[in-house]
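The residues making up each chain are set out below.
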Amino acid sequence: MSDCIFCKIVAGEIPSYRLMEDEDMLAFMDIGPIRPGHALLIPKKHYERTVDMPGEEVARLMTHLPRLARAVVEATGADGYNVFQMNGACAGQVVPHVHFHIIPRHNGDGIKFGWPAARYGEGEMEKLGEKIRSRLL
Ligand code: AMP
Ligand code: ZN
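The numbers attached to residues start from 1 for each chain and follow its sequence in the written order. Just so you know, chain letters begin at A and ligand numbers begin at 1, following the order they were written in. The predicted origin of the model limits local features to residues at a pLDDT of at least 70 and limits the giving and counting of side-chain atom pairs to 80 or more, whereas totals for whole chains, interfaces and linings rest on all residues. For side-chain calculations, the full set of non-hydrogen atoms in the structure is used, while hydrogens and water are omitted.

How do you make sense of the nonpolar core when you look at a structure like this?
What tends to happen in soluble globular proteins is that the nonpolar side chains get buried as a cluster. Working definition of a nonpolar core: buried Ala, Val, Leu, Ile, Met, Phe, Trp, Tyr and Cys residues. They are joined through side-chain atoms within 4.5 Å. Any residue under 20% of the maximum accessible area for its type is buried, any over 50% is exposed, and the rest in between are partly exposed; the area is computed with a 1.4 Å probe on protein chains only. Grouped together as the largest cluster of nonpolar side chains are 15 residues, with contacts concentrated most on Met 20, Leu 41, Leu 61, Leu 68 and Ile 102. Residue contacts for Leu 68: discarding those within four places in its chain leaves Leu 19, Met 20, Ala 27, Ala 39, Leu 41 and Ile 102. By size, the runner-up hydrophobic cluster in this structure holds ten residues, among which are Cys 7, Ile 9, Leu 26 and Phe 28. By definition in these notes, contact holds between two residues if any of their heavy atoms fall within 4.5 Å.

Printed below as a string of structure tokens:
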């Protein structure tokens, strides 16, 4: 897509610090890191959301995740890492080209991601679960 910043990175039209790539995927350093070493893994082909991708392409992209996460963790001496992937502005997606964030984490690093867990009312989970199941085509 011509006005997509990540497509421009793929094409080499704007600079990035590339970590690894093949025909279909690219990993590069995030310029606004939540923690140093924050990396992004993207498909080279433009898709806005993971639901837009054929499952096989998601699976192929994910085969690269352990290798990248391992390298990020080893290079930063991290104790763990987060993998995030946002779909839609309501979910915090700013760049509308599928990307997986790999964020190294250290014990006591003080980063807090909101996780406002709620509770279902009586029967609500089953009702919604059934609605979701009926749409699993
Ligand atoms: P998201 O909110 O999931 O859409 O995250 C977009 C991410 O892309 C943010 O973490 C940005 O720091 C990162 N980002 C935006 N522009 C660039 C760029 N030119 N090079 C590297 N990372 C970028
Ligand atoms: Zn794109």
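Having put the structure on the table, let's press on.
Would you mind showing me how to read the coordination of the zinc ion (ligand 2) here?
Geometry reference: four tetrahedral donors at a metal, ideal angle 109.5 degrees. Six octahedral donors, ideal angles 90 or 180 degrees. Taken together, the protein ligands of the zinc ion (ligand 2) are Cys 4 (SG), Cys 7 (SG), His 46 (ND1) and His 97 (ND1), with distances of 2.0 to 2.3 Å. Distances decide who is a donor: an N, O or S atom must be within 2.8 Å of the metal, or within 3.2 Å for Na, K and Ca. Water is not included, so sites may look incomplete. Any coordination sphere not matching a tetrahedral pattern (four donors, all angles between 85 and 135 degrees) or a square planar or octahedral pattern (four or six donors, opposite donors over 155 degrees apart, other angles between 65 and 115) is reported as irregular. Between the four donor atoms coordinating the zinc ion (ligand 2), the angles at the centre fall across 106 to 116°, so the site counts as tetrahedral. Site description for the zinc ion (ligand 2): donor spacing in sequence, C-x2-C-x38-H-x50-H. Taken together, the residues Cys 7 in helix α1 (residues 5-10) and His 97 in the loop between β4 (80-84) and β5 (100-105) connect sequence positions 90 residues apart. Residue classification places His 97 among the buried positions, given a relative accessible area of 0%. Starting at the N terminus, helices and strands are each numbered in turn, a helix being any DSSP run of H or I of at least four residues and a strand any DSSP run of E of at least two.

I keep staring at the pairing of strand β2 (residues 25-29) and nothing clicks. Help me out?
For a regular strand, side chains alternate in direction, first toward one face of the sheet and then toward the other. Burial runs high along β2: four of the five residues are buried. The pairing criterion is simple: DSSP has to find at least two bridges between the two strands. Sheet analysis places strand β1 (residues 18-21) next to β2, joined by three bridges and oriented antiparallel. Following the sheet pairing, Glu 21 is matched in β2 by Leu 26. In this structure, the hairpin formed by β1 and β2 is closed by a connection of three residues.

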